[in-house]
Number of protein chains: 2
Amino acid sequence: MGRGKIEIKRIDNATSRQVTFSKRRNGLFKKARELSILCDAEVGLLVFSSTGRLYDFASSSMKSIIERYNETKEDPHQTMNASSEAKV
Amino acid sequence: MGRGKIEIKRIDNATSRQVTFSKRRNGLFKKARELSILCDAEVGLLVFSSTGRLYDFASSSMKSIIERYNETKEDPHQTMNASSEAKV
DNA sequence: TCCGCTATGTATAATTG
DNA sequence: TCAATTATACATAGCGG
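In short, a report on the structure. Keep in mind the model is a prediction, meaning the values are calculated, not measured.

Calculation criteria
Within each chain, residues carry numbers counting from 1 in the order of the written sequence. Think of it this way: whatever chain is written first is A, whatever ligand is written first is 1, and the rest follow in order. Only residues with pLDDT of at least 70 are given local features in this predicted model, and only at 80 or more are side-chain atom pairs given and counted; all residues enter the totals for whole chains, interfaces and linings. Where side-chain values are given, they derive from all heavy atoms of the structure, hydrogens and water being excluded. Near residues are defined by distance, with any heavy atom within 4 Å of the molecule or strand qualifying the residue. Each polar contact in these results corresponds to two N or O atoms within 3.5 Å; when the atoms are within protein, one needs to be able to donate a hydrogen and the other to accept it, and residues that are neighboring in sequence are counted only if both atoms are side-chain atoms. A run of H or I in DSSP counts as a helix once it spans at least four residues, and a run of E counts as a strand once it spans at least two, with each numbered from the N terminus. Lys, Arg, Asp and Glu make up the charged group, whereas Ala, Val, Leu, Ile, Met, Phe, Trp, Tyr, Cys and Pro make up the nonpolar group; the residues left over, Gly among them, are polar. We call two residues in contact whenever any of their non-hydrogen atoms come within 4.5 Å of each other. Values labelled buried area give the accessible surface lost by two parts on being combined, using a 1.4 Å probe and summing over both. By convention in these notes, a salt bridge is any Lys or Arg side-chain nitrogen within 4 Å of a carboxyl oxygen on Asp or Glu. Pairing between two strands requires that DSSP report at least two bridges joining them.

1. Concerning the protein's contact with DNA strand D
Phase 1: The immediate surroundings of DNA strand D are formed by 16 residues, with A:Met1, A:Lys23, A:Arg24, A:Lys30 and B:Arg3 found nearest.
Phase 2: For DNA strand D, the fraction of protein-proximal atoms (within 4 Å) that sit in sugar or phosphate groups is 70%.
Phase 3: Taking A:Arg3, its side chain carries an N or O atom lying 3.4 Å from a base nitrogen of DNA strand D.
Phase 4: Among the elements that line the surface near DNA strand D, the one with the most residues is helix α1 (residues 14-38) of chain A, at six residues.
Phase 5: Considered class by class, the residues forming the surface near DNA strand D number three nonpolar, five polar and eight charged.

Written as structure tokens, this is what we have:
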């Protein structure tokens, strides 16, 4: 998407990598937000840049999403009942 | 992106919502993966559908990403030193 | 150097089989 | 009804201010 096609591999040039990171991070967060709204989904997104900086997005709260993740992972039965749908 | 423009709000029709969820979820995961590769970033993505099903993506392991998130949140100084760059 | 613009590629909404 | 296809809106790579 853009003037040229790019290959999916690590960008060597540090400056370009940072620029691309900023742009794509914004796009990714936007998409995550859209998905959570459009489809009434609970979305949690954690990104650490190569410089170690943290960026996060959560449709509700990251804490509750991580807890729910742990619960779901522990309980193979999952929470498939519709009553658990987010009234976020 | 598509034949018609859509508004970012909850999709009422359950069938459409599920279809859109599948498509966008795939797209979101792909983008997350691309970002992690292109920019050498650590990315964790957690999605719960409105039916309660879990979908997750992690460039390394979700467990380590969540741990790193908790550490970063607890320590406001963050890990800004370049030496912490992912040798993932 | 960073921000914003524009051309282009990609994701995806609607449609078709 | 679901999956594949197609046309279009959107995201973004490269460029200019």
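2. Some remarks on the interface of chain B and chain A
Phase 1: In this assembly, 49 residues from chain B lie in contact with 47 residues from chain A.
Phase 2: Here chain B and chain A share an interface that buries about 4700 Å² over both sides, 66% of which is from carbon and sulfur atoms.
Phase 3: Together, B:Leu38, B:Phe48 and B:Tyr69 form the three largest contributors to the area buried by chain B at its contact with chain A, with a combined 16%.
Phase 4: Here chain B and chain A share four salt bridges between them.
Phase 5: Linking A:Arg24 and B:Glu34 is a salt bridge whose minimum nitrogen-to-oxygen distance equals 2.8 Å.
Phase 6: For the pair chain B and chain A, the number of links is ten residue pairs in polar contact (both at pLDDT 80 or more).
Phase 7: Elements with a minimum of two residues in the side of chain B that touches chain A: α1 (14-38), β1 (42-48), β2 (54-58) and α2 (62-74) of chain B.
Phase 8: Residue contributions to the side of chain B that touches chain A peak at twelve residues, all from α1(B).
Phase 9: Its residues assigned to classes, the side of chain B that touches chain A shows 23 nonpolar, eleven polar and 15 charged.
Phase 10: In this sheet, β1(B) lies alongside strand β1 (residues 42-48) of chain A in antiparallel orientation, the contact comprising seven bridges. If you follow A:Gly44 over to β1(B), its bridge partner there is B:Leu46.

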